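# Report on the structure
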Amino acid sequence: METINDYMMGDHRLCDAIFERADRAAEAGDFAALERESADFLRRIAAHIEMEERLLFPAFEERTGMGAGGPTATMIDEHRAMEGLFEQMRDAITARNATAYRAASAQVMEILVPHNQKEEQMMYPMLDSALGDEAAALLDEVKAMAV
C-alpha cells in the first residue's frame, strides 16, 4: 500500500525535475521554455504546499497535539520563506531576466533541499505513523488535490 511518504516524495521528485528544466532553460536563455517550465513548477509547488497545509499538517497536529512550535510550524515557516522567492522568480520571468531568475531559484534551492529532506525523513513518516489506518483515506484526499 502506498504511504503518504511515498506519494509526497514522488511529488517532490516531479517538482524537482520541472525546477531543473526551468533552471536549464534560464541558463540557456530560452525564455519560452523558462516561462513554460517555471509556470508548471510554480503551479505544482503551490499545489504541493496546499496539500500539506490544508490536509496533511492539520491532520498531524490533530492526531499528535503538536501544533505551534512543532515540526509543522517549521515547515510552514519555510514555505513562507520560499513564497517570496517564488514571486521574485515570477518577476524575473516577466522582466525576461534570466540572471535574476537564477539568483532567486538558487535561493529557493537553499531552502527547498533541506526542507524536502526534513519532510521525507521526519515529517511524512511521523504522519504515516500517527495516522495509522486513517492515512489511506487522507492520501486519497491529497491525491484529489493533485495538479
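Here goes a summary of the coordinates provided. Everything quoted here is computed from the prediction, not taken from an experiment. (Residues numbered from 1 in each chain as written. Predicted model: local features only at pLDDT ≥ 70, side-chain atom pairs only at ≥ 80, totals over all residues. Heavy atoms only, no water.)

## Regarding the pattern of salt bridges
Pairs can form between side chains of opposite charge once their charged atoms are near each other. For clarity, the cut-off: Any Lys or Arg side-chain nitrogen found within 4 Å of a carboxyl oxygen on Asp or Glu counts as a salt bridge. In DSSP terms, a helix is any run of H or I states spanning at least four residues, a strand is any run of E spanning at least two, and both are numbered starting from the N terminus. Any residue under 20% of the maximum accessible area for its type is buried, any over 50% is exposed, and the rest in between are partly exposed; the area is computed with a 1.4 Å probe on protein chains only.
A full pass over the atoms with the stated rule returns 15 salt bridges. Residue arginine 21 is joined to glutamate 37 by a salt bridge in which the shortest nitrogen-to-oxygen separation is 3.1 Å. Of the two residues, arginine 21 is situated in helix α1 (residues 4–28) and glutamate 37 in helix α2 (residues 31–64); the sequence distance between them amounts to 16 residues. Residue class for arginine 21 comes out partly exposed when judged on its relative accessible area of 34%. According to the relative accessible area criterion, glutamate 37 is buried, its value standing at 11%. Among the ionic pairs, glutamate 78 bridges to lysine 118, the shortest N-O distance being 2.3 Å. Separated by 40 residues along the polypeptide, glutamate 78 in helix α3 (residues 71–94) and lysine 118 in helix α4 (residues 98–131) bring together distant segments of the chain.

## Thoughts on the nonpolar core
To be explicit about the condition: As used in this record, nonpolar core signifies buried Ala, Val, Leu, Ile, Met, Phe, Trp, Tyr and Cys residues forming a set joined through side-chain atoms within 4.5 Å. Residue contacts follow a heavy-atom distance rule, with two residues in contact if any of their heavy atoms lie within 4.5 Å.
The biggest cluster of nonpolar side chains holds 24 residues, and the ones touching the most others in it are Leu34, Phe41, Ile45, Phe86, Met89, Tyr101 and Val108. Elements that contribute at least two residues to this core include exactly α1, α2, α3 and α4. The leading source of residues in this core is α2, at seven residues. Those residues in contact with leucine 34 that lie beyond four places of it in its chain are Ala22, Ala25, Ala26, Ala39, Ile93 and Tyr101.

## Regarding the side chain of histidine 115
Looking at where histidine 115 falls in the secondary structure, it is placed in helix α4. Once residues lying within four places of it in the same chain are set aside, the contact partners of histidine 115 are Glu52, Met75, Glu78, His79 and Met82.

## A few points about helix α5 (residues 135–145)
An α-helix turns once per 3.6 residues; consequently, residues spaced three or four apart project the same way. Threshold: The directions from the helix axis to the C-beta atoms form the arc being described.
Among the residues of α5, those classed as buried are Ala135, Leu138, Leu139, Val142 and Met145. The arc that holds the buried residues of α5, viewed along the axis, is 110°, so those residues lie on one side. For α5, the exposed residues set more than 90 degrees away from the buried face come down to Asp140 and Ala144. Among the structural elements, α1, α2 and α4 are those in contact with the buried residues of α5.

## Thoughts on α2
Threshold: For a helix, the expected span equals 1.5 Å multiplied by the number of residues minus one. We define the bend at any residue as the angle between the axes fitted to the seven residues before and including it, ending there, and the seven starting there.
Here α2 spans 46 Å end to end across 34 residues, near enough to the 50 Å set by a 1.5 Å rise per residue. For α2, the principal kink sits at glutamate 52 and spans about 35°. Just past α2, the residue glycine 65 takes up positive phi, approximately 80°.

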